[in-house]
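Residue strings, one per chain:
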Amino acid sequence: MTTLILYGSAILLLIISHIKDKGKTRQALKGAWKFLENMMPQFLGIILVVGLMLAVLKPEVISNIIGSKSGIFGVFVSAAVGSITLMPTFVAFQTADMLLKNGAGYAQVAALISTLTLVGLATFPLEAKYIGKRAAFYRNFIAFLFSFIVAFVVEKVMGIL
Amino acid sequence: MIKKIAKRYSFFIWMLIITLIITAFNREIGLKSFSIAGSSFKQMISVVPPVMVLLGLMDIWVPRETMMKYMGEDSGILGIAIAMLIGSLAAGPMYAAFPFTEVLLRKGVKFSNIIIFMGAWCVTKIPTFIFELTALGFQFTFTRLLVDLPGIIIMGYLVEWVVGEKELEDICLKAEKRANA
């Protein structure tokens, strides 16, 4: 669905752009190719690293470590796992659901989701290429700390309701 | 030519060799790694190319002045709102947001807005909202969003502040250079 909308709107806008200005459209396409190609070398390596990591880390293993009684230690482990792992978002949500059903705690799963989506250790070198090492470091580090706040609040709210 | 490509892709080639060696020793883990990597690749192909085309079009058609006016130094709340909106509408994994930062930097967008954009791209994505709702439920999803929304704004300003003006100029220069390379 998302794919259809994205490809559809890209093609539609390309046609409009082409009608308005052929030269500019060619330039835009050239740019698009460059953006994509610049990303490729790191991206291909990263997906292999992540594939290996996910093949070794099984959901049962993770949910054992981050059970609802695991407290701050469990939150920390979740945040660490979430930071090094990279997952497509919808897979992340399914995994989180599976973890909860296997006995993981809300705070721990919230920390996991938050770091999975916001912190990317695997993509750090790529990110540093674009916004610089220091900015990339601080963004990831602050997001990592922020995940503990998310974990805390989610735990409290899920506890009340 | 081949040497140049091999050097650019050396990280990938090494990872490929390592994974192949692991496969030789442990077939199960090796093959699973490849299948997970394969599905990541499929996911990339299904969203990233059109997103890059849209970025290419934005780069060419939206003038720097416009971007500066709406998302630049003095853009205030409007700039934050637009950064969040583009980030939330986008689909695709985090790394697909990186080329956007290059274009935004070149167009004179305020750095905190760029970080906010990246944050929104990661946590308030509309396309994956339904997934989260069905997988984790209403309570979990909304609590997370309510914490994340102010969180990514604060993060944007915090990162801008710790990085400092001098380094920001440097980052912009580099983005400019990469575009001309």
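For chain B, an unreviewed UniProt entry supplies the name Putative permease and the organism Fonticella tunisiensis. Among the UniProt annotations of chain B, the heading Subcellular location (unreviewed entry) holds the following wording: "Cell membrane". Listed in UniProt under the heading Sequence similarities (unreviewed entry), the comment for chain B reads: "Belongs to the UPF0718 family."

By the naming in an unreviewed UniProt entry, chain A goes by Permease and is assigned to Fonticella tunisiensis.

(A) Focus on the UniProt feature "transmembrane region" (unreviewed entry) in chain A. Those places that UniProt annotates as "transmembrane region" (unreviewed entry) correspond, in this numbering, to residues 43–61, 73–93, 105–124 and 136–154 of chain A. End C-alpha to end C-alpha, residues 105–124 of chain A measures 28 Å, and it is 70% helix and 0% strand.

(B) Structural view of the domain arrangement of chain B. Split into domains, chain B comes out as domain 1 (1–47) and domain 2 (62–180). Once you take the C-alpha centre of each, domain 1 of chain B and domain 2 of chain B turn out to be 30 Å apart.

(C) Representation of the domain arrangement of chain A. One can read the domain layout of chain A as domain 1 (1–41) and domain 2 (57–160). When each unit is reduced to the centre of its C-alpha atoms, the spacing between domain 1 of chain A and domain 2 of chain A is 34 Å.

(D) Quick peek at the environment of Trp161 of chain B. Residue and element names in this part refer to chain B. Within the secondary structure layout, Trp161 lies in helix α9 (residues 138–163). In this structure Trp161 comes out as exposed when scored by relative accessible area, which is 68%. Note: C-alpha distance between Trp161 and Phe111 (50 residues apart in sequence) is 9.6 Å.

(E) Structural view of the interface of chain B and chain A. On the side of chain A, 74 residues touch chain B, which itself brings 75 residues to the contact. Across the interface of chain B and chain A, roughly 7,000 Å² is buried in total on both sides, 78% from carbon and sulfur atoms. Counting the surface chain B buries against chain A, the share from its top three residues, Trp61, Tyr95 and Phe140 of chain B, is 9%. Applying the counting criterion to the chain B and chain A interface returns 2 salt bridges. Notably, a salt bridge pairs Arg134 of chain A with Glu167 of chain B, separated by 3.2 Å at the nearest N-O pair. Applying the counting rule to chain B against chain A returns 7 residue pairs in polar contact (both at pLDDT 80 or more). Contributions of two or more residues to the side of chain B that touches chain A are made by α2 (10–25), α3 (27–61), α6 (98–106), α7 (111–123), α8 (129–136), α9 and α10 (165–180) of chain B. Ranked by residue count, the leading element in the side of chain B that touches chain A is α3 of chain B, at 26 residues. Of the residues assigned to the side of chain B that touches chain A, the class counts are 52 nonpolar, 12 polar and 11 charged.

(F) Spotlight on the confidence of the model for chain A. Averaged over every residue, the pLDDT of chain A is 87; the share at 70 or more is 97%. Across chain A, element-level confidence peaks in helix α8 (residues 133–160) of chain A with a mean pLDDT of 92 and bottoms out in helix α3 (residues 59–65) of chain A with 75.

Procedures and definitions
- Residues numbered from 1 in each chain as written.
- Chains lettered and ligands numbered in written order.
- Predicted model: local features only at pLDDT ≥ 70, side-chain atom pairs only at ≥ 80, totals over all residues.
- Heavy atoms only, no water.
- UniProt positions renumbered as here; feature names shortened; annotations may be inferred.
- Helix = DSSP H or I, 4+ residues; strand = E, 2+ residues; numbered from the N terminus.
- Domains from an automatic or database assignment.
- Buried < 20%, exposed > 50% of the residue type's maximum accessible area, 1.4 Å probe, protein only.
- Contact = heavy atoms within 4.5 Å.
- Buried area = accessible area lost by both parts, 1.4 Å probe.
- Salt bridge = Lys/Arg side-chain N within 4 Å of Asp/Glu carboxyl O.
- Polar contact = N/O pair within 3.5 Å; in protein donor to acceptor, adjacent residues only side chain to side chain.
- Nonpolar A, V, L, I, M, F, W, Y, C, P; charged D, E, K, R; others polar.
- pLDDT = per-residue confidence, 0-100.

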